[in-house]
Amino acid sequence: MSRRRADSHGSLGPDDEVVPYSDDETDDELEPSIDEQPEGLPSVSQLSDLNWQVKANDRSFCKQPQFQKKFFLCFKRCKYAGNAIRTYKYNVITFLPLNLYEQFKRAANLYFLALLILQIIPEITTLPWYTTLVPLVLVLGITAIKDLVDDLVSVTCLLLCNFEIYFTLFQECRWMQIQVGDVVRLKKNDFIPADILLLSSSNPNSLCYVETAELDGETNLKFKMGLKVTHERLQEESQLQSFDGNHCEEPNNRLDKFTGNMLWGRERFPLDLDNMLLRGCKVRNTDECHGLVIYAGSDTKIMRNGGKTRFKRTKIDYLMNYMVYTIFVLLILVCAGLAIGHTYWYQDVGSRAWYLYDGLNQTASYRGFLSFWGYIIVLNTMVPISLYVSVEVIRLGQSKFINWDLQMYYSEKDTPAKARTTTLNEQLGQIEYIFSDKTGTLTQNIMAFKKCSIAGRVYEIPYIYIDFSSNIFAEKKFQFYDHHLISCIQSKKDKDVLEFFKLLSLCHTVMVEQREDDLVYQAASPDEGALVTAARNFGFVFLSRTQDTITISEMGTETTYEMLALLDFNSDRKRMSIILRFPDGKIRLYCKGADTVIYERLSPNSKYKDVTQEALDVFANETLRTLCLCYKDISRADFDAWSRKYKEASIAMRNREEALDEVYEQIEKDLLLIGATAIEDKLQDGVPETIAKLAKADIKIWVLTGDKKETAENIGFSCQLLTDDMQIYYGEDVKRRLRLRRLGKKPSPTSPQDSQPMNDHEKELRQQDFVDMACECGAVICCRVTPKQKANVVNLVKKYKKAITLSIGDGANDVNMIKTADIGVGISGQEGMQAVMSSDYAFAQFRYLQRLLLVHGRWSYIRMCKFLRYFFYKNFSFTLVHFWYSFFSGYSSQVAYEDWFITLYNVCYSSLPVLLVGLLDQDVNDKLSLMFPKLYLPGQQGTLFNYKNFFISLFHGIFTSLIIFFIPYGAFLQTMGQDGEAPSDYQSFAVVTASSLIITVNLQISLDTSYWTFVNCFAVLGSMAIYFGIMFDIHSAGIHVIFPSAFKFTGVASNALRQPYLWLTIILTVGISLLPVICIQFLCKTIWPSVGDEVRQRSTLARKKPTFQRGARSRRSAYAFSHSRGYADLISTGRSIRQKPRARRDAPESIKEAPQAENI
């Protein structure tokens, strides 16, 4: 097909990849004291509405009555939290009651507790209390130990934390004793104990470096800076004592924002996040600093972010819960039916049998009522108590396998794969949609300055490599190939070129650090770092910055500029600007941003617009990332007028960012275009192959990026997400097709306003139309999207398609998307660790995604489905024997097994084999899983575990229980032992039935096991051995003497199992139970093979080596089995190797030598 190039003017925003992360969802979590912004800019009078006031060096200030709040009924306490932290759940006193309370909130545990209470009632119970108590205590105990271990880790860390010693202005105190209003002294490598306003530091300009790894996972240092006024006036402790206080916003969980004002005397100074040291960070490269505690303890931002993580559950979790409810309903119906049966039986038979008279004189209806509760107890194992614990054990093991997978280990950065959750593994095998970021996810996010357009001229590659050794500040790894550009700079004749690189060296937020003889830049994004590095190599070197100055070296000449204002980058502005006063007094604004926002703000007199736009389109088609550069000279009067508005907006307490954006708009207009930059970001290794395999697995991949349409489209082609045989629809095409869809549903709009959705219902219809149309496409690329829009796209697909989604990204701007999807995957790349810390799974390269889904995800899904099907089956087979027995016991709630067998069945006799299947089983190996992506389809379709499979397990269990009961029953009707005794008693029948059940269910799991190991064999044989060993022990006379009331089957096992015909009965029962299963499996694999069966058969055939046929004429056999001698003699004697050796006369015709020419 012919690839059309999209029109970049229709793009809706700039490159979102360099936008700092802002979690829009947390806006709703701010305290309600911050009201809506009134019309116009906020005024200083708004300060009176602020409730969070801090007075330095005065602890009593926070305890005043106006700062009290209700916490229980009429009781009040100070709203300022102390600094002691308590994140652990339990203490010595509360552990047992609180943990039991939490566990009994689960319906299954509460159900078994109710059963235990029923078993205490003598009129109801037919089973001893320990048959329910032992499994319940085991389940509760395992969970309690797990919770206790997790909590002990928190307790240990908090004890070390709360008792760590710090220094306030006046005294030494522990971490937990610090209060709001204290002035704290911090030293190098100290952890910051609270959210603190930086006042001064030992570094020039009160600069303080902090490591935020505990906060956002990023290891690169960030800088914080005190206000200029505090730096100048608060260096000595005597000065710190006179410091007053400030007003600021209420505590909230916004890690990326802080709004406040410092009041000192009659002056007000704006405060923002750059002035704050947040709890959890660590002081680095700063000998000493002082700060004022603003938020302490639970009010700090890091603590406010605790506990807000969304709880994700898998589709199988929901199915499993519904099936447990279904089992409970079936249990009620069965028990009700048996209770009715007992009522009628007692009326017709029981009341007339003198040997059944118990002297209670109860009516038949009342006895039926008691029988109902008795059967609730007897049949309680239909509701599996150990199901949830077993599932958690399996998921934990599957998570460890992901962590231990060396094929997902990235050696270059020593980064293994990490399963950060243990609850979503099987969902990895059901993914239908993948939403991927582009930069840093599909690409390497290692930026290289490749091309630029300056004053309408493009400077690019095709010449000889330039030697930058003459520049002492040049970076060794930097490469550029256009000699004309470097000559223009060195000649200093082209003012536009000089202005271009001067802008790059001045308009940024990069921090510089001197390490030995080298300058090390700390940039907020790889893009910004690449641009400043490029300017550095071309002779415009960024050297240092303070609060109000920035110093660069211009072709060897050091120049300092006064920084009047810094208009920072955000996801709404999509640009950044800086206003500088030059040494000669001139005021100039430099601006850089995406072409869509820059072109809207250019002066009508600006040059080079058309040629630069052509260059931008060419750059984008080459998958390069672009930014436009421009400037504007400002008169002193205009700047003074604007500065007053800027200062008023900067101290506003309500909606400060919106107020500042409005002021920024007033100055960022009538700009003059200089040129544009083009940065290369290469694809990661293995991305095209990974996308191709995932597409074959019928997984739809959407790319959500902030890049231009051209860049995103070309990346789509290079990573094979888009192919030449695809018809591509762009933004306007999509809108037109959506309008055509709506025309079929309602009349055409008569005005532009009519085209807008009139109500929420119409809006939902349009959203659904968009999703339906997008999902019909083979691939979707969304360009110019913000972090919030990324999350919205994911949410739309989840809402209207009910599909299981996965989001993958590497940057802070992907956190929203990662949290919204059913499964979030973080890539530990160049943009820090915020995406990883918010993710469910993490690794270093996009190519590992295919192994995570097609191998671990598919295996986890198959294992969990097989486990659940078998778990339900074995419980039905075990429990329903009581149902058949009730027809021969007058529906009297009697049990068919021994009490201890009921107690230990799910704990010891049948648990280990199915657990190992859930952990180790695999239908095909990992290589075949990757070779045949179609194996992934059953997980997407949910065919391996659904209500159909559940009822198949139910009917299979009914069939097995029927065989296990009636064949021994028939065998025991008229029998005689070898010693003349008739073993047709209830206890012998219970032993034979239980033995048949144990052998059957353990052999059944053997038939369902696809991947055999020594551990599986040991588990199956060991479970049966444990059963017989325990049975003979509890049937022995010795234990009966010690506990006569608990062990009543004395000698039954040894007596019954020495009869050969009872062993024959067991073998017959097991054979008839398993024979239909074997036949059905054979027919399914032969006549209706699954994709997995076909792959296994193909791999088996491929492993068979062809046998060698002696008479076959082939070039390989002629050489390998030739009887002629080699060329060693010819070489050593110097004779001609052209002479043909004679054929051996005794050689058979079929293996005579081929001519030497053929051999050669």
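Residues numbered from 1 in each chain as written. Predicted model: local features only at pLDDT ≥ 70, side-chain atom pairs only at ≥ 80, totals over all residues. Heavy atoms only, no water.

What follows concerns the pattern of salt bridges. On inspection of all chains with the given rule, the structure shows 33 salt bridges. Across the salt bridge formed by Glu267 and Arg233, the nearest N and O atoms sit 3.9 Å from each other. A residue pair is termed long-range when its members are at least 10 positions apart, and Glu267 in strand S12 (residues 267–271) and Arg233 in helix H5 (residues 228–233) qualify at 34 residues. Relative accessible area serves as the criterion here: at 40%, Glu267 is assigned to the partly exposed category. A salt bridge links Glu600 to Arg601; the nearest nitrogen and oxygen atoms lie 3.3 Å apart. With relative accessibility at 12%, the residue Arg601 sits in the buried group. Through salt bridges with shared partners, one network takes in Arg573, Arg575, Glu600, Arg601, Glu665 and Glu668. (Salt bridge = Lys/Arg side-chain N within 4 Å of Asp/Glu carboxyl O. Helix = DSSP H or I, 4+ residues; strand = E, 2+ residues; numbered from the N terminus. Buried < 20%, exposed > 50% of the residue type's maximum accessible area, 1.4 Å probe, protein only.)

According to the stated counting rule, one finds 59 aromatic pairs in the structure shown. Note on Phe501 and Phe538: the rings are 4.7 Å apart at their centroids and 40° apart in plane angle, and the pair reads as tilted. Placement of the pair is Phe501 in helix H12 (residues 495–506) and Phe538 in the loop between helix H13 (526–537) and strand S22 (540–545), with a sequence separation of 37 residues. The ring centre of Tyr521 lies 5.2 Å from the NZ or CZ of Arg536, which sits over that ring. Here the basic side chain of Lys874 rests over the ring of Phe871, its NZ or CZ set 4.5 Å away from the ring centre. (Phe/Tyr/Trp six-rings, centres within 6.5 Å; stacked < 30°, edge-to-face > 60°. Lys NZ or Arg CZ within 6 Å of the ring centre and 35° of its normal.)

Summarising the element assignment, Ser577 is placed in strand S25 (residues 575–581). Among the residues examined, Ser577 registers a relative accessible area of 0% and is labelled buried. Separated by 2.4 Å, the side chains of Ser577 and Glu668 make a polar contact. (Polar contact = N/O pair within 3.5 Å; in protein donor to acceptor, adjacent residues only side chain to side chain.)

A word on the nonpolar core. Of all hydrophobic cores here, the largest spans 93 residues; its most connected members are Leu387, Phe867, Leu868, Phe872 and Phe901. What Phe901 contacts, discounting residues up to four positions off in sequence, is Phe878, Tyr909, Ala994, Leu997, Ile998 and Tyr1027. Cys173, Cys208, Leu278 and Ile294 belong to the second largest nonpolar core, which has 44 residues in total. (Core = buried A, V, L, I, M, F, W, Y, C linked by side-chain atoms within 4.5 Å. Contact = heavy atoms within 4.5 Å.)

Read from one edge to the other, the open sheet built from 9 strands follows the order S19-S18-S28-S27-S26-S25-S24-S23-S22, with strand pairing classed as antiparallel. The sheet is open, and its two edges are formed by strand S19 (457–459) and S22, each paired on a single side. Shown here is a sheet whose adjacent strand axes are inclined to one another by a mean of 30°, direction ignored. One ladder, built from 5 bridges, connects S22 with strand S23 (residues 549–554); its direction is antiparallel. (Pairing = 2+ DSSP bridges. Axes fitted to C-alpha atoms, helices over the stretch in contact; angles between N-to-C directions.)

With 12 residues, H13 extends 16 Å between its outermost C-alpha atoms, agreeing within 8% with the 16 Å of an ideal straight helix rising 1.5 Å per residue. With respect to burial, H13 is a largely interior element, 12 of its 12 residues being buried. Residues Pro526, Asp527, Glu528, Gly529, Ala530, Leu531, Val532, Thr533, Ala534, Ala535, Arg536 and Asn537 constitute the buried set of H13. Taken from the residues just after H13, Gly539 is the one with a positive phi, measuring 105°. (Expected span 1.5 Å × (residues − 1).)

Following the UniProt record, one finds the feature "active site" (unreviewed entry) at Asp437. Topologically, Asp437 is positioned in the loop between strand S17 (433–436) and strand S18 (448–454). A polar atom in the side chain of Asp437 sits 3.3 Å from the side chain of Lys790. (UniProt positions renumbered as here; feature names shortened; annotations may be inferred.)

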